[in-house]
Amino acid sequence: MPAALLAGAYGQGNLGDDALLQAFVKALPDWSLAVTCDDPTTAEELGCQPVPSSRPGAVARAALRADAIVVGGGTVFKTLHPAAGRRPYALLANASALIALSSMVGRPVAFVGVGAGELPDRRSRALALFIIRHADLLILRDEESARELIRAGSPGPLRVGADPAWTLVGPPEARTAHESSVRIVPSVYAVGADGWSGMIQRITDTVSGLLAAGCTVQLQAWEQHPRRAKIDDRLIVDALSSRFGRSVEVVPKPDSIEAAAQSMAGNGTVVCFRFHALLAAAAAGVPSIAVTHENKLNAMARRLEQRIAPVNFDPATLVGQVAEAVTAPGPAPSVIKEQIDLADEGFRHLRVLLSRGHSDEADSLGALPLISAPPS
């Protein structure tokens, strides 16, 4: 059985990242996968070999043993937020190192379903362009990411698919009821100009407004690090539940994207500070509001034709958006099917690359949308 190194931010207690891992394991059943992760049980439970993310030497050795290297989902092209506790260029530098190593040993390297955030300086843009030029396959998850890379200097064309986690869900059934329950999925990275305390106060004011309007409010932390010493979304949920007590419901973190979608099916709307919460809400047939502290949330909300709120949202305005959303239909099943089809097509491209063109799927490959730089 051929072996691949699957690199990503897995096993860090983030439901969305671990959903990406599940999607790649499902898409590559004929491959033995070594997986970069913080918590080894995340990989082991899926039948994969864990590789400690914090040990570059171990990652390099796994890459040398592998027949191919796959960077599986996530926002690779960005500088890291200070809350991540890592060097700003860590993602870009690590991806560049994998590219360089794969070139030395003649291994194909693929980036599938990845995204791009802001590349604010010359170094970040240079690292991004190095990756783009040397990757054997690059499939972005949205048009916004392609345009960000073109602004950074990529000539294109760049392939655009969809987030790989779409392959874990199916189109929802038609929504038949409008409930007044509102689920809030916060993120420690959704800090605006008024800082951490300002974010907590704005969410507090929003919850107060929703309760006054007769809504049932649920709180759910999607990022919960195995080592509690790290900052995660539980800090926000704890702060809010201490203020509101039993007036709000704290919902346990789901085990999977599928479980998240099932648990959201009875909600009137979901206020999403987390990217994959938008996906889960859509799979549940529930309308959502994206708080767009990162470009990827804006991109997902645009594709799903859902409401957006800025990171420095006004609580009263957000309460009004919730009131509109609870009586609105969820995303159209046809839109969701399109995302699933794009993600499936991305995986077909990946399997054809890894087979060196010998896959039975080579003759049935479809075309993914291309984004090119505008003529000068």
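Not measured: the values here are computed from a predicted model. (Residues numbered from 1 in each chain as written. Predicted model: local features only at pLDDT ≥ 70, side-chain atom pairs only at ≥ 80, totals over all residues. Heavy atoms only, no water.)

**Student:** I'd like a description of the sheet that holds strand E11 (residues 269-272), backed by residues and values.
**Tutor:** The strand order across the open sheet formed by six strands is E10-E9-E8-E11-E12-E13, and the pairing between neighbours is parallel. Only two strands of the sheet have a single partner each, and these edge strands are strand E10 (248-250) and strand E13 (307-310). Going from strand to strand, the sheet's axes swing by 20° on average, the running direction of each strand aside. Summarising the sheet, strand E8 (residues 181-185) and E11 pair through four bridges and their orientation is parallel. Bridge pairing links Val 185 to Cys 272 in E11. Of the strands in this sheet, E8, E11, strand E12 (288-292) and E13 are in contact with helix H12 (residues 315-325), which crosses E13 at around 170°. (Pairing = 2+ DSSP bridges. Helix = DSSP H or I, 4+ residues; strand = E, 2+ residues; numbered from the N terminus. Axes fitted to C-alpha atoms, helices over the stretch in contact; angles between N-to-C directions. Contact = heavy atoms within 4.5 Å.)

**Student:** Describe the sheet that holds strand E5 (residues 109-116), listing the residues and the values that go with them.
**Tutor:** One open sheet accounts for eight strands, arranged E3-E2-E1-E4-E5-E6-E7-E14; its pairing is mixed. Sheet topology places strand E3 (49-52) and strand E14 (370-371) at the edges, where each strand pairs with a single neighbour. Pairing geometry for E5 and strand E6 (residues 137-140), over four bridges, is parallel. Among the inter-strand pairings, Ala 110 is bridged to a residue of E6, identified as Leu 137. Here helix H6 (residues 143-151) sits on the sheet in contact with strand E4 (68-77), E5, E6, strand E7 (158-160) and E14, set at roughly 165° to E7.

**Student:** Tell me what's going on with the pattern of salt bridges, and back it up with residues and numbers.
**Tutor:** Summed over all chains, the structure comprises 15 salt bridges. Glu 148 serves as the salt-bridge partner of Arg 151, at 2.8 Å between the closest nitrogen and oxygen. With Arg 151 and Glu 148 both in helix H6, this residue pair falls three residues apart, about one helical turn. The class for Arg 151 is exposed, based on a relative accessible area of 59%. Notably, a salt bridge pairs Arg 274 with Asp 233, separated by 2.9 Å at the nearest N-O pair. Here Arg 274, found in the loop between E11 and helix H10 (275-283), pairs with Asp 233, found in the loop between strand E9 (216-219) and helix H8 (234-244); they are 41 residues apart in sequence, far enough to count as distant. Neither residue differs from the other here; Arg 274 and Asp 233 are each classed as buried. Beyond isolated ion pairs, a larger network of salt bridges with shared partners links Glu 143, Glu 144, Arg 302 and Arg 303. (Salt bridge = Lys/Arg side-chain N within 4 Å of Asp/Glu carboxyl O. Buried < 20%, exposed > 50% of the residue type's maximum accessible area, 1.4 Å probe, protein only.)

This is a description of form; function is not addressed.
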